[in-house]
Amino acid sequence: MDSGRIGMPRKKTPVSKRAPKQRTSTRRWLEERSQEELVDFILGVAQEYPRVRELLASHTNLKQGKIDLVRDAIRKDIEALEPDWPDDDTFGADSDFAHIAERLAAMLDAGYADEVVELGEVFLRLAPKCYEYSHYDDWSIESGISECLDIILEALPRSSLPPAEQLLWYIDAELKDDYAIFDNTKDFIKKQCYKKADWQVVSTILEKRLQTQAVPADNAGSKNHYKRKNLTRWLQTALERSGRQTDIIQLLQREAPVTHGYGELVSALLTAGRDQEARDWIIKGFAKTIDHLPGVAWRLAEQLRDMAARKNRHIEIASLLALEFFYQPDTALYHKLEKTAKRIRRWPAVRKSLLAYLETGVRPDLHKTKTPSSNWPLPPSGLLPPKAKGGADVHPDTDVLIDIAIYEKRPDDVLKWYHLGHKSPCYHETDNSVAEAVKSTHPDEALTIWKRVVEWEIDRVKPASYKVAVAYLKKVRALYQKRKRPDEWNAYLSTLKLQHKAKRRLVEMLGSL
């Protein structure tokens, strides 16, 4: 430890190529000064710059053991991070956080780790509020908090807290973190090499907390479930690190219905080689979550697909993909299902049923009574109860039908579903995809679509919209030229110029075509 250090910023700042030469000349000048001249110079700088004066005072107090004065000054700086009113413009993320980091670093280097940890608790309570009050960009705040947090966490293992209490300090701080400021500190636990006995103490304490914590009701806010799930996550980590592997699955089995952590339980069961239990929990978890937590449900379905893939059960994979398609149809799922169904030589029948479903909304795998249909070429997935519901509310599902028709290069069907489902040129991505898909076989249809987009953008009367219109006009020009119809392009462009002659900015842009 360098006892002569004054506590300057730890982070390196970019310097220009001239900086080394400047530092060399500055160092030479300082070395040529006598001690008295250097003292006078530093005192003069301190008089001119309050921040230097504060650093010198802090350094002096630390050397003299006046830790209370330094601690109170840093606490005051931390408390000043929270402005007196929301519109306070005096906050500067870069300078304020850097100043606190300098002082915390100097205190730590002087051997006062306990005091840094104590101030760290105040810092973590107040600093994140800067996100709510500041008009400055979040990156500056994030960077400043991260710099200070690094010093606080550096102090934690050097403090007088027993190792288990250090772990609990970190865990509690992370559990209270609503701003993800601990996301970049995950290596802290790995680097410190805490022992099994330390984690055993932590696991016992976390178990008691979980037992005494109220179980959130099914209709409770997601925040209550989230907090309990995070506590369960840390307890699982503590059990793993303390060698209590057999207790982990029991914990996850108890908590899965409460926190909806079915995925974590399934992963643990698979790791333990208990595949059938994992499958049973997937089925149970899917039924519990499909209506109000579909993201959780489909991740479970993905785990079941992975299990089937490991055993080359392609027909089961196809059934699961089809089930998801009925709930949330999209082209990506269609592609996956095509690839899988072709491997089991059932794609033609599956494809026909999928397209019929997109047109009518009638599930081909179920009868009207919601029981499995014998006409569906795939077996039941096993995930849905007989009366389960799902799928799109509006049919035909023209968006997906258009995408599939484009993928399968069926231009007539592309136009059929486009004209049925799109009445105005406000979905440029779809409009352009359709026009690009049919420009070779139905050039006039493509020209009509692009022209409608051009007119719609021009009518918005905004320079940015004019740029978009010009981009589509270039597509129109290219197609006219490819079809050897330049006269029609010239006539169309002349008509646009005449029709919108009052829009001078637009006319200028049209002149570039």
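Thresholds applied
- Residues numbered from 1 in each chain as written.
- Predicted model: local features only at pLDDT ≥ 70, side-chain atom pairs only at ≥ 80, totals over all residues.
- Heavy atoms only, no water.
- Helix = DSSP H or I, 4+ residues; strand = E, 2+ residues; numbered from the N terminus.
- Contact = heavy atoms within 4.5 Å.
- Areas by Shrake-Rupley, 256 points an atom, 1.4 Å probe, with all protein chains shown as cover.
- Polar contact = N/O pair within 3.5 Å; in protein donor to acceptor, adjacent residues only side chain to side chain.
- Core = buried A, V, L, I, M, F, W, Y, C linked by side-chain atoms within 4.5 Å.
- Buried < 20%, exposed > 50% of the residue type's maximum accessible area, 1.4 Å probe, protein only.
- Axes fitted to C-alpha atoms, helices over the stretch in contact; angles between N-to-C directions.
- Parallel < 35°, antiparallel > 145°, perpendicular 65-115°, else oblique.
- Left-handed = near helix turned anticlockwise from the far one by under 90°.
- Nonpolar A, V, L, I, M, F, W, Y, C, P; charged D, E, K, R; others polar.
- pLDDT = per-residue confidence, 0-100.

A. Inspection of the overall build of the chain at higher detail. When its secondary structure is counted, the chain shows 26 helices and zero strands. In the chain, 63% of the contacts between residues at least 6 apart in sequence involve partners at least 24 apart. Surface exposure of the chain reaches about 29,100 Å², of which carbon and sulfur atoms provide 51%.

B. Broad picture of the side chain of Thr185. Here Thr185 is to be found in the loop between α9 (163-175) and α10 (187-192). A polar contact is formed between the side chain of Thr185 and the side chain of Tyr170, at a distance of 2.8 Å.

C. Layout of the nonpolar core. Counting residues in hydrophobic clusters, the biggest one holds 80 residues, and the most contacted among them are Ile78, Phe97, Leu104, Phe123, Val202 and Leu206. Residues within four places of Leu104 in sequence aside, it is in contact with Ile74, Val116, Leu119, Cys148, Ile151 and Ile152. Leu321, Trp376, Leu447 and Leu473 belong to the second-largest nonpolar core, a separate cluster that totals 53 residues.

D. The arrangement of the packing of helix α24 (residues 463-482) against helix α25 (residues 486-499) in detail. Closest axis-to-axis distance for the α24/α25 pair is 8 Å, and the angle between their directions is 155°. As summarised for this structure, α24 and α25 are arranged roughly antiparallel, according to the angle between their axes. Helix-helix and strand crossings are classified by hand; for α24 and α25 the assignment is right-handed. Judged by residue contacts, Leu473, Val476, Arg477 and Tyr480 of α24 engage Pro486, Glu488, Trp489, Tyr492 and Leu496 from α25. A class-by-class count of the residues in the contact of α24 with α25 yields seven nonpolar, no polar and two charged.

E. Representation of unusual backbone geometry. Despite not being glycine, His260 shows a phi value in the positive range, around 60°. The topology assignment puts His260 in the loop between α13 (245-259) and α14 (262-271). You will see that Arg345, though not glycine, has its phi angle at about 60°, which is positive. With respect to the helices, strands and loops of the structure, Arg345 is situated in the loop between α18 (331-343) and α19 (347-360). Take Arg345: its relative accessible area is 79%, and that puts it in the exposed class.

F. Broad picture of the confidence of the model for the chain. Confidence along the chain averages 84 in pLDDT terms, with 84% of residues attaining 70 or more. When the criterion is pLDDT under 50, residues 1-18 qualifies, and its contacts beyond four places in sequence or with other chains add up to 31 contacts.

G. Structural context of the environment of Leu167. With respect to the element layout, Leu167 can be found in helix α9. Linking Leu167 and Asp198, residues 31 residues apart in sequence, is a C-alpha distance of 8.2 Å. With residues near it in sequence (within four places) discarded, Leu167 still touches Ile189, Tyr194, Asp198, Trp199 and Val202.

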